[in-house]
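Observations on chain architecture
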Amino acid sequence: MTRPRLATLAIIVVALGVIAFALSGALLNLMIFMMIIALAAQGWNILGGYAGLSSFGHAAFFGAGAYAMAVLQTRFGVNAWVALVIGIALGALVGAFIGFLSFRSGLKGSYFALITLAFAEVARIVANSTNFTGGAAGILLKLQNGLPYLQFADRRYFLLIALGFVAIGLVVSWWLEHSRFGAYLVALRENEQAAQALGVDVFAVKMKAIAISGALTAAAGCLYAQNYLFIDANVAFGSWISIEALFAAIVGGSGTVLGPLIGAIVLLGLGELTKGLSHGIPGMDLMVFGVILVLSVAFSPNGLVMLMKSLGLRAPAKEREA
Amino acid sequence: MRRHPKSLSRRTVLKSGVALTSMLAAPGLLRAEPAPVKVGLLQPISGAFALDGDLAKIGAEFAVKEINEAGGIKALGGAKLELIVGDSRSNAEAGAQATEELQSAGVAAVLGGFASGIALTATQTASRYDLPFVVDCAVADTITERGLKNTFRFNPNFSMATAVALKNLVKLNDDAGKPIKTVAIVHEDGLFGSGLAKIMQEKLPPLGFQIVETIAHPTPARDMTNVVLRLRALNPDLIVPSHYFNEFVLMARTLQQQRVRPKGIYAVFGGAASSYRFVNEFPEAAQGVMDCNHWGDPKSPITAKLRETVTAAGKFYAYNTPINYSLVKVFAQAVEKAGSADRAKIIEALAANEFDSGIMPYGKTKFDAKGQNASALPLNTQVQGKDIKVIYPAEYAEAKPVFPING
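Here we summarise the structure given alongside this text. (Residues numbered from 1 in each chain as written. Chains lettered and ligands numbered in written order. Predicted model: local features only at pLDDT ≥ 70, side-chain atom pairs only at ≥ 80, totals over all residues.)

Within chain B one finds 14 helices and 14 strands. Against the 2.2 N^0.38 benchmark of 22 Å for 407 residues, chain B shows a C-alpha radius of gyration of 23 Å, consistent with a compact globule. Projecting the C-alpha coordinates of chain B onto the three principal axes gives extents of approximately 80 × 50 × 40 Å. Classification of the 407 residues of chain B by burial places 53% in the buried group. Long-range pairs, those at least 24 residues apart, make up 67% of the contacts in chain B between residues at least 6 apart in sequence. (Helix = DSSP H or I, 4+ residues; strand = E, 2+ residues; numbered from the N terminus. Rg over C-alpha atoms; globule rule 2.2 N^0.38 Å. Buried ≥ 20, exposed ≤ 12 C-beta atoms within 10 Å, placed from the backbone. Contact = placed C-beta atoms within 7 Å.)

Quick look at the structure:
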């Protein structure tokens with residue numbers, strides 16, 4: 001099997017942590033954003049990658065986390081760390097709620113995708129129009145540095161915390177690949193009827209998957225709110241994050257441990273690299289980005305992880321020839 | 001993977017060698033030219049607001065050219081200004097990222113922001129580096145209410161603008177013999193439209209206007225027929241719209257098609273109400289539309305020059321150009337007064353002094369304790385014929401208001 005070992009994951013996380021400490025300014029900011037998107041994508045990957053339930057509405061979880069973080073702190077004076085825990089729990093709860101309604105009625109495939117999209121849109125509209133969530137003006141978190149506020153003058157600490165969450169995401173995915181529960185997920189992705197016939201409690205498995213998925217993506221939302229200190233309905237529940245999450249996971253390799261992380265790093269890194277190409281023509285960089293994306297998807301339809309593996313397998317063969 | 005910025009390749013070494021040799025060869029030249037003052041302009045160059053960002057850039061570039069041609073920053077021995085444009089891509093995270101990049105580029109200050117969401121995250125990013133940030137037309141009051149020492153705003157905020165808009169509406173109505181009794185509010189459901197509708201709902205009734213309906217719609221909206229049919233049934237004397245460009249145009253055209261003829265359309269920060277593109281493309285629908293918005297002093301000769309520059313580039317003039325032109329002018333004065341490109345000194349100079357407001361009709365710009373320009377005010381404009389004329393206040397007015405427009 002070509003599954004990554006736990007030690008490999010640890011090396012990757014430590015390496016990223018070391019890189020984190022060498023960064024500052026724009027690159028540091030970019031890497032924080034990469035980790036947030038990677039985490040959101042890891043959440044998507046549990047449901048969309050392993051369980052085969054593609055969601056177009058992970059913004060619902062992301063937004064739940066972000067708003068929990070912002071509302072609890074600004075309205076109720078809750079400590080940032082406590083708010084973080086509640087935000088993650090809320091993500092799981094929202095996941096369970098959406099899951100209960102859609103899995104009970106057996107929604108899957110494009111119907112499930114549409115229903116998640118609808119939930120996210122409803123959440124966006126509600127958040128945009130109620131005073132409790134700050135309405136269309138959004139919520140501004142107070143800038144105050146210090147460990148209890150989960151804001152740091154030296155943002156490398158924040159990056160390490162984000163990286164810590166990504167590490168948790170990696171471990172959860174790794175565990176899925178090694179556990180009975182993960183096997184159930186893959187079974188129902190491949191053939192739900194067969195899985196059911198073999199005694200898998202499909203409903204319970206799906207519910208657990210969407211709750212874990214929601215919690216991870218909500219954690220990304222919490223970190224987003226805490227990093228940018230401003231959210232509004234379009235940021236928290238906007239379709240952009242649903243797209244980023246599924247994009248990163250699919251480009252990186254859906255249903256793989258490292259896929260979402262690699263996808264987020266490559267996509268956002270590519271976006272930054274092409275930025276320099278925009279001289280004179282606004283948006284030129286985005287076009288180049290688009291072309292590279294199309295090419296990468298065309299040549300590695302199973303994700304970059306698979307591409308790397310196939311390249312990795314070929315390389316020693318060449319050596320042997322030589 | 002990205003190459004480490006500090007690593008040296010053979011080519012870089014060669015290049016710097018060449019540069020060094022030429023520097024040694026021309027020592028006189030080097031001494032004559034003091035280090036340029038880098039100034040960052042954060043604008044949406046791509047994305048949904050790309051048009052605005054582009055117009056802003058033209059204004060800022062014009063001002064930089066003007067200042068450099070007049071001998072640069074005198075207090076720094078004629079140092080030239082160097083404009084570095086950061087693309088906020090019309091969204092908040094990219095705005096923060098672009099600010100980080102401007103910081104890495106070593107700018108002395110950042111100007112711009114354009115939209116409130118972008119300005120909120122970007123000013124915050126800049127505050128980590130004590131990097132002075134002068135916001136342009138992002139109007140959310142909260143931008144200057146977070147106690148960030150580095151953050152200033154040149155343009156009027158939301159509360160200031162609506163106060164002026166209401167005052168002038170009352171004056172307009174009184175001068176015409178009070179033709180307006182009923183008002184309908186049509187607004188987009190975002191920060192800007194909802195905020196405005198809320199203020200209007202509070203403030204209009206005490207001033208003697210009856211609000212017959214408040215209609216919200218999302219952005220983007222592809223069809224305004226239902227909204228307009230509702231307006232036709234209500235037949236209000238005045239329509240107060242607040243939406244972005246496309247929706248505004250759509251509504252004005254649908255009003256025209258459905259022959260809904262209120263006595264006036266009075267926008268506050270109207271998306272298209274003071275846009276030459278709208279006037280040019282739909283002159284009939286635009287006739288008589290009034291707006292209370294950011295607007296350059298129409299009587300300044302520079303306004304005419306900027307308009308020419310924008311038109312010559314095949315673009316339609318809008319307020320972004322004069323604002324960003326003036327922002328650069330204010331920044332240059334701040335550097336003159338600070339006598340240094342040092343960030344802390346620029347912040348100090350911005351907070352302590354009065355500045356000429358370029359071609360914005362603000363008299364002397366003076367930033368208050370929170371960093372808001374206390375002298376900023378919007379102007380009232382009306383589309384008359386093929387032009388947009390300032391109708392209030394009297395000292396900037398080019399024309400008398402045509403009101404009521406439909407008998």
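This part is about the overall build of chain A. Of the regular secondary structure elements, chain A holds 14 helices and two strands. In summary, chain A has a C-alpha radius of gyration of 20 Å against a globular reference of 20 Å for 322 residues, a match within 12%. Overall, chain A is about 65 × 55 × 40 Å in size when its C-alpha atoms are taken along their principal axes. For chain A, with 322 residues in total, the buried portion stands at 49%. Long-range pairs, those at least 24 residues apart, make up 77% of the contacts in chain A between residues at least 6 apart in sequence.

Residues and elements named next belong to chain B. Here seven strands make up an open sheet; going across it, the order is β7-β6-β8-β9-β10-β13-β14 and the pairing mixed. The sheet terminates laterally at β7 (210-217) and β14 (387-392), the two strands that pair on one side only. Between one strand and the next, the sheet's axes are offset by a mean angle of 25°, whatever the strand orientation. Sheet analysis places strand β6 (residues 182-188) next to strand β8 (residues 238-242), joined by five bridges and oriented parallel. (Pairing = 2+ DSSP bridges. Axes fitted to C-alpha atoms, helices over the stretch in contact; angles between N-to-C directions.)

Right, let's get into the interface of chain B and chain A. A common way to report how large an interface is uses the accessible area buried once the components associate. In this complex, chain B contributes 26 residues to the contact, which on the side of chain A involves 23 residues. Of the residues assigned to the side of chain B that touches chain A, the class counts are seven nonpolar, 12 polar and seven charged. (Nonpolar A, V, L, I, M, F, W, Y, C, P; charged D, E, K, R; others polar.)

Bringing the packing of helix α3 (residues 59-76) of chain A against helix α4 (residues 80-104) of chain A into the picture now. Residues and elements named next belong to chain A. Contact pair α3 / α4: the axes reach a minimum separation of 8 Å and the direction vectors enclose 145°. The element α3 and its partner α4 pack so that their crossing is right-handed. Residues Ala 60, Phe 61, Ala 64, Gly 65, Ala 68, Met 69, Leu 72 and Gln 73 of α3 touch α4, and the partners they reach there are Ala 80, Ala 83, Leu 84, Ile 86, Gly 87, Ile 88, Leu 90, Gly 91, Val 94, Gly 95 and Ile 98. A breakdown of the residues in the contact of α3 with α4 according to their chemical character gives 14 nonpolar, five polar and no charged. (Left-handed = near helix turned anticlockwise from the far one by under 90°.)

Counting 228 residues, the largest nonpolar core has A:Met35, A:Ile36, A:Leu39, B:Ala109 and B:Phe331 as its most contacted members. Counting residues per element, this core draws most heavily on helix α2 (residues 25-50) of chain A, at 18 residues. Apart from residues lying up to four places away in sequence, B:Phe331 is in contact with B:Val39, B:Ala109, B:Leu111 and B:Val134. (Core = buried A, V, L, I, M, F, W, Y, C linked by C-beta atoms within 7 Å.)

With respect to the helices, strands and loops of the structure, A:Ser296 is situated in helix α13 (residues 284-299). In sequence terms A:Ser296 and A:Thr256 are 40 residues apart; their C-alpha atoms lie 17 Å from each other.

With that out of the way, let us pick up the pairing of β8(B). All names here are of chain B. With five of five residues buried, β8 is to be regarded as a mostly interior element. Side chains Leu 238, Val 240 and Ser 242 of β8 all project onto a buried face; the interleaved residues Ile 239 and Pro 241 project onto the opposite face, where all are buried too. In terms of strand pairing, β8 meets strand β9 (residues 264-268) through two bridges, oriented parallel. Within β9, the position partnered with Ile 239 by the bridge is Ile 265. The β-α-β motif built from β8, the intervening helix α9 (residues 245-257) and the parallel element β9 has right-handed crossover chirality. (Right-handed = clockwise from strand over helix to strand, strands pointing away.)

Let's shift gears to the sheet that holds strand β5 (residues 151-153) of chain B. Residues and elements named next belong to chain B. If you trace the five strands from one edge of the open sheet to the other, you get β2-β1-β3-β4-β5, paired in parallel fashion. Both edges of this open sheet fall to β2 (81-87) and β5, since each of them pairs with a single strand only. Across the sheet, the mean angle from the axis of one strand to that of its neighbour is 25°, orientation sign disregarded. Pairing between strand β3 (residues 109-112) and strand β4 (residues 133-135): three bridges, direction parallel. Within β4, the residue paired with Gly 112 across the bridge is Val 135. Sheet strands in contact with helix α13 (residues 320-338) are β1 (37-43), β2, β3 and β4, and its direction is about 155° off that of β3.

A few words now on unusual backbone geometry. Residue and element names in this part refer to chain B. That bond from Tyr 392 to Pro 393 is cis: its omega, -10°, falls within 30 degrees of zero. Tracing the backbone through its elements, the reader meets Pro 393 in the segment after β14. The peptide bond linking Phe 403 to Pro 404 adopts the cis configuration, its omega dihedral lying at -5°. With a phi angle near 65°, Ser 90 is a residue other than glycine that sits in the positive phi range. Tracing the backbone through its elements, the reader meets Ser 90 in the loop between β2 and α4 (92-104). Positive phi, close to 50°, is recorded for Lys 178, a residue that is not glycine.

All names here are of chain B. With 13 residues, α9 should cover 18 Å at 1.5 Å per step; its first-to-last C-alpha distance of 18 Å lies within 8% of that length. Within α9 the residues assigned to the buried category are Glu 247, Phe 248, Val 249, Leu 250, Met 251, Ala 252, Thr 254 and Leu 255. Residues of α9 that are buried in the fold lie against β6, α8 (225-234), β8, α10 (276-281) and α11 (283-286). Positioned one or two residues after α9, Arg 259 has a phi angle of 55°, which is positive. (Expected span 1.5 Å × (residues − 1).)

Moving on, we get to the environment of B:Gly270. Residue and element names in this part refer to chain B. Inspection of the secondary structure assignment puts Gly 270 in the loop between β9 and α10. The spacing of Gly 270 and Val 289 is 19 residues in sequence and 9.6 Å in space, taken between C-alpha atoms. Setting aside anything within four residues of it in sequence, one finds Gly 270 in contact with Pro 241, Ser 242, Phe 248, Asp 291 and Asn 293.

All names here are of chain A. Position of Lys 206 relative to the elements: it lies in helix α9 (residues 202-228). Its 24 C-beta neighbours within 10 Å are what place Lys 206 among the buried residues. A C-alpha to C-alpha distance of 9.4 Å links Lys 206 and Tyr 184, two positions 22 residues apart in sequence. Sequence-distant contacts of Lys 206, defined by excluding residues within four places in its chain, comprise Ala 51, Leu 53, Gly 99 and Phe 103.

The subject of this paragraph is the pairing of strand β13 (residues 379-384) of chain B. Residue and element names in this part refer to chain B. Counting buried positions over the six residues of β13 gives five, a clear majority of the element. Pairing of strand β10 (residues 290-293) with β13, which is carried by four bridges, proceeds in the antiparallel orientation. From the neighbouring strand, Cys 292 faces β13, where its bridge partner is Asn 380. Where β13 meets β14, five bridges bridge the pair, whose relative direction is antiparallel. For Thr 381, the partnering residue across the bridge sits in β14 and is Val 390. The turn linking β13 back onto β14 is made up of two residues, and Gly 385 within it adopts a positive phi angle of 65°.

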